[in-house]
Amino acid sequence: MTPQFILRRPHVPLVPDYCVLSPAAEVPGASLSQLLTAAESVARQEAQARFGDPECFSLLCNAGRTRRRGWPHVHIILAPSVRAKRWAMLWLGLKHLSRPWRWPLLRRVWRRR
């Protein structure tokens, strides 16, 4: 991975093999094509290290109109099968509901960690 990108591993319940690649300098003008090339390289390396197969990944790119933040980023989902990928995508879609500050019960459980 080139030093111009940062790989983050946010905690998402029930999605253990998930990371996000974004530009190191969070600016709106970051090159999407460079980011996608770097994301593919990182995903292949991570999949090889995790599963022994560089093809066990999916990329989800957030371009201009489909992102919350002002810069592009790519979600990398490592999954050894289609079923595992579907499971991860389901939970990623629900991740905002699982944020501890959204629900009082989850806040209590989260604080105990």
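Parameters and conventions
Residues numbered from 1 in each chain as written. Predicted model: local features only at pLDDT ≥ 70, side-chain atom pairs only at ≥ 80, totals over all residues. Heavy atoms only, no water. Helix = DSSP H or I, 4+ residues; strand = E, 2+ residues; numbered from the N terminus. Buried < 20%, exposed > 50% of the residue type's maximum accessible area, 1.4 Å probe, protein only. Contact = heavy atoms within 4.5 Å. pLDDT = per-residue confidence, 0-100. Core = buried A, V, L, I, M, F, W, Y, C linked by side-chain atoms within 4.5 Å. Salt bridge = Lys/Arg side-chain N within 4 Å of Asp/Glu carboxyl O. Phe/Tyr/Trp six-rings, centres within 6.5 Å; stacked < 30°, edge-to-face > 60°.

(A) Molecular detail of the overall build of the chain. In terms of regular secondary structure, the chain is built from three helices and four strands. When the helices and strands of the chain are read in sequence order from the N terminus, they spell out β-β-α-β-β-α-α. Sorting the 113 residues of the chain into buried and exposed places 30% on the buried side. Contacts in the chain between residues at least 24 apart in sequence constitute 48% of all its contacts with a sequence separation of at least 6.

(B) Geometry of the confidence of the model for the chain. Confidence in the prediction for the chain averages 82 pLDDT; 72% of positions are at 70 or higher. Confidence, read as mean pLDDT per element, is least for helix α3 (residues 104-111) in the chain (64) and greatest for helix α1 (residues 32-51) (94).

(C) Representation of the nonpolar core. Ranked by internal contacts, the top residues of the largest apolar core, which has 14 residues, are Phe5, Leu21, Leu35, Val74, Ile76 and Leu78. Taken together, the elements giving at least two residues each to this core come down to β2 (18-23), α1 and β4 (73-78). Per-element tally for this core: the top contributor is α1, with six residues. Apart from the residues within four sequence positions on either side, Val74 is in contact with Cys19, Val20, Leu21, Leu35, Leu36, Ala39, Leu59, Leu60 and Cys61. Val12, Val15, Val20 and Ala88 belong to the second largest nonpolar core, which has seven residues in total.

(D) Region of interest: the environment of Asp17. Locating Asp17 in the fold gives a position in the loop between β1 (5-8) and β2. With 40 residues separating them along the chain, Asp17 and Phe57 place their C-alpha atoms 9.5 Å apart. In contact with Asp17, other than residues within four places in its own chain, are Arg50, Phe51, Ile76, Ile77 and Leu78.

(E) Structural context of the pattern of salt bridges. Counted under the stated rule, the structure contains four salt bridges. The closest approach of N and O atoms between Asp17 and Arg50, which form a salt bridge, is 2.9 Å. Of the two residues, Asp17 is situated in the loop between β1 and β2 and Arg50 in helix α1; the sequence distance between them amounts to 33 residues. For Asp17, a relative accessible area of 16% corresponds to the buried category. With relative accessibility at 46%, the residue Arg50 sits in the partly exposed group. Across the pair Glu55 and Arg44 runs a salt bridge, and its minimum N-O distance is 2.4 Å. With Glu55 in the loop between α1 and β3 (57-62) and Arg44 in helix α1, the pair connects residues that are 11 residues apart, well separated along the chain. Glu55 gets classed as exposed once you look at its relative accessible area, which sits at 52%. Three or more residues are tied together by salt bridges with common partners; here these are Glu40, Arg44 and Glu55.

(F) Quick peek at the packing of aromatic side chains. Counted under the stated rule, the structure contains one aromatic pair. A centroid spacing of 5.5 Å and a plane angle of 65° characterise the contact between Trp87 and Trp91, whose relative ring orientation is edge-to-face. Here Trp87 and its partner Trp91 are both found in helix α2 (residues 82-93), four residues apart, which amounts to about one turn of the helix. Trp87 gets classed as partly exposed once you look at its relative accessible area, which sits at 45%. On the accessibility criterion, Trp91 (24% relative accessible area) is partly exposed.

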